[in-house]
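Reading the structure
If you want the building blocks of each chain, they are given just below.
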Amino acid sequence: MSLLNSTSTWELGLSISILLLCAAITVLFSILKAKTPKPVLRPDSFLELSLSHKTQLSPNTALYRFDLPQPTDVLGIPIGQHVSVAAPIGSPPKDILRSYTPVSDDTSPGHVDLIIKSYPSGNVSKYVGQLAVGQTIKFRGPKGAFRYTPNMVREISMIAGGTGITPMYQIARSIVRGRANGDKTKVSLIYANVGPEDILLQDELNDLARKDGNFSVYYVLNKPPPGWAGGVGFVNQDMVKQNLATPADDVKLLICGPPPMVSAMKKIAESLGFASPRPVSKLEDQVFCF
Ligand SMILES: Cc1cc2nc3c(=O)[nH]c(=O)nc-3n(C[C@H](O)[C@H](O)[C@H](O)COP(=O)(O)OP(=O)(O)OC[C@H]3O[C@@H](n4cnc5c(N)ncnc54)[C@H](O)[C@@H]3O)c2cc1C
Ligand SMILES: *[C@@H]1O[C@H](CO)[C@@H](O)[C@H](O)[C@H]1NC(C)=O
Ligand SMILES: *[C@@H]1O[C@H](CO)[C@@H](O)[C@H](O)[C@H]1NC(C)=O
């Protein structure tokens, strides 16, 4: 009898211990799950996000912050890729899709930031420009052939015009952040705009250059203010030769900007000895146009 009793006491104790252990593990897992960012962007269905802030950066360009469903959510987009934004245009309204590269990334959960220049005759960019805080717009993705991985090449050169800075900023910031984990990629950027007021992310780019000895930025302006120390006019072969990497197997040149500028930059790249760019760029190409 007493033997039986002590056995069941012992069994009861064991059962309680196991139950407590299971409960502790369950609690631990749910804490971990809540802290693990959840990627919410899907390639085949739309995610409707609400505009939470709009910051005007220049007369025609603004930074738009959209809230993700939960504060711990992330978009889940690889560095170098973009999202598709759909806007209902016309009557009856039909979705028109355009690509935008977020300037935020998965290290800042809860929101996504886009910098968009609104063209007076542009379908989607004008629609976004007229969104009021609290209104929603549809997102899908990620999309794009470029996907940055640390140390994929020794050196990355970049030529950007206007809002074409968005993929370059995303990649450069990721490289500088990755220094702590051994990313040694050298990055040189030429950034072209019309006037000084059009330069986007200037403080952010200057901060990166100040912080990181292997990231440089050279600004080029069409209409420079008096005393301007950067480049003047359109980006030319000399500026590229002086400020960017010389072509080599472990060098990539990334280009993003208005179509006429991209054509001109492709020609300059070829004349300097870079491989001729394909009409549609692939990740392995030496010259990649977004
Ligand atoms: C990979 C990728 C990433 C991009 N990322 C961004 C980004 O981060 N921010 C951003 O603002 N844009 C970005 N764009 C451009 C964007 O996708 C749209 O092309 C742009 O917003 C214009 O679309 P829309 O529907 O308003 O104009 P559309 O209806 O396509 O064009 C109508 C008119 O708008 C004017 N217009 C349109 N595009 C240009 C242009 N590039 N230069 C001069 N005039 C133009 C022209 O007058 C044109 O006739 C990106 C494009 C790609 C391919
Ligand atoms: C976009 O807007 C222009 C007028 O600005 C129009 O001609 C065009 O058909 C619209 N739609 C698309 C899909 O570009
Ligand atoms: C730039 O990178 C090289 C190679 O990794 C390194 O030796 C050098 O110290 C770096 N320069 C600066 C200024 O950080």
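Under an unreviewed UniProt entry, the name given to the protein is NADH-cytochrome b5 reductase, and the source organism is Clonostachys byssicola.

Note that Val-124 resides in helix H2 (residues 123-129). As for Val-124 and Ala-86, which are separated by 38 residues in sequence, their C-alpha atoms are 7.6 Å apart. The contact partners of Val-124, leaving out residues within four places of it in the chain, are Val-85, Ala-87, Ile-89, Ile-96, Arg-98 and Tyr-100.

This paragraph deals with the domain arrangement of the protein. Interfaces are often sized by the accessible area lost when the parts come together. Looking at the assigned domains, one finds that the protein contains domain 1 (47-143) and domain 2 (155-289). Listed per partner, the contact involves 15 residues of domain 1 and 12 residues of domain 2. Where domain 1 abuts domain 2, roughly 1,200 Å² becomes buried across the two surfaces, and 59% of that area is made up of carbon and sulfur atoms. Linking Arg-173 and Asp-105 is a salt bridge whose minimum nitrogen-to-oxygen distance equals 3.2 Å. On inspection of domain 1 and its partner domain 2, the count reaches six residue pairs in polar contact (both at pLDDT 80 or more). Of all the secondary-structure elements, those providing two or more residues to the side of domain 1 that touches domain 2 are strand E2 (47-58) and strand E7 (111-117). By residue class, the composition of the side of domain 1 that touches domain 2 is six nonpolar, seven polar and two charged.

Following the UniProt record, one finds the feature "binding site: FAD" (unreviewed entry) at Arg-98, Tyr-100, Ile-115, Lys-117, Val-124, Ser-125 and Thr-166. Val-124 gets classed as buried once you look at its relative accessible area, which sits at 1%. For Ser-125, the location among the structural elements is in helix H2. Judged by relative accessible area, which is 5%, Ser-125 ranks as buried.

Across the sheet, six strands lie side by side as E12-E11-E10-E9-E13-E14; this open sheet has parallel pairing. The outermost strands of the open sheet, each flanked by one partner alone, are strand E12 (231-232) and strand E14 (287-289). Where strand E9 (residues 155-161) meets strand E10 (residues 186-193), seven bridges bridge the pair, whose relative direction is parallel. Across the sheet, Ile-159 pairs through a bridge with Ile-190, a residue of E10. Sheet strands in contact with helix H3 (residues 165-177) are E9, E10, strand E11 (215-221) and strand E13 (251-256), and its direction is about 150 degrees off that of E9. Its contacts with the sheet put helix H4 (residues 202-211) on E10 and E11, and the angle it makes with E11 is roughly 140 degrees.

A separate point is the packing of aromatic side chains. Evaluated as defined, the whole model comprises five aromatic pairs. Note on Tyr-191 and Tyr-219: the rings are 6.4 Å apart at their centroids and 50 degrees apart in plane angle, and the pair reads as tilted. With Tyr-191 in strand E10 and Tyr-219 in strand E11, this residue pair connects regions lying 28 residues apart in the sequence. Summarising the burial analysis for this pair, Tyr-191 and Tyr-219 share the class buried.

Rules used in this analysis
- Residues numbered from 1 in each chain as written.
- Chains lettered and ligands numbered in written order.
- Predicted model: local features only at pLDDT ≥ 70, side-chain atom pairs only at ≥ 80, totals over all residues.
- Heavy atoms only, no water.
- Helix = DSSP H or I, 4+ residues; strand = E, 2+ residues; numbered from the N terminus.
- Contact = heavy atoms within 4.5 Å.
- Domains from an automatic or database assignment.
- Buried area = accessible area lost by both parts, 1.4 Å probe.
- Salt bridge = Lys/Arg side-chain N within 4 Å of Asp/Glu carboxyl O.
- Polar contact = N/O pair within 3.5 Å; in protein donor to acceptor, adjacent residues only side chain to side chain.
- Nonpolar A, V, L, I, M, F, W, Y, C, P; charged D, E, K, R; others polar.
- UniProt positions renumbered as here; feature names shortened; annotations may be inferred.
- Buried < 20%, exposed > 50% of the residue type's maximum accessible area, 1.4 Å probe, protein only.
- Pairing = 2+ DSSP bridges.
- Axes fitted to C-alpha atoms, helices over the stretch in contact; angles between N-to-C directions.
- Phe/Tyr/Trp six-rings, centres within 6.5 Å; stacked < 30°, edge-to-face > 60°.

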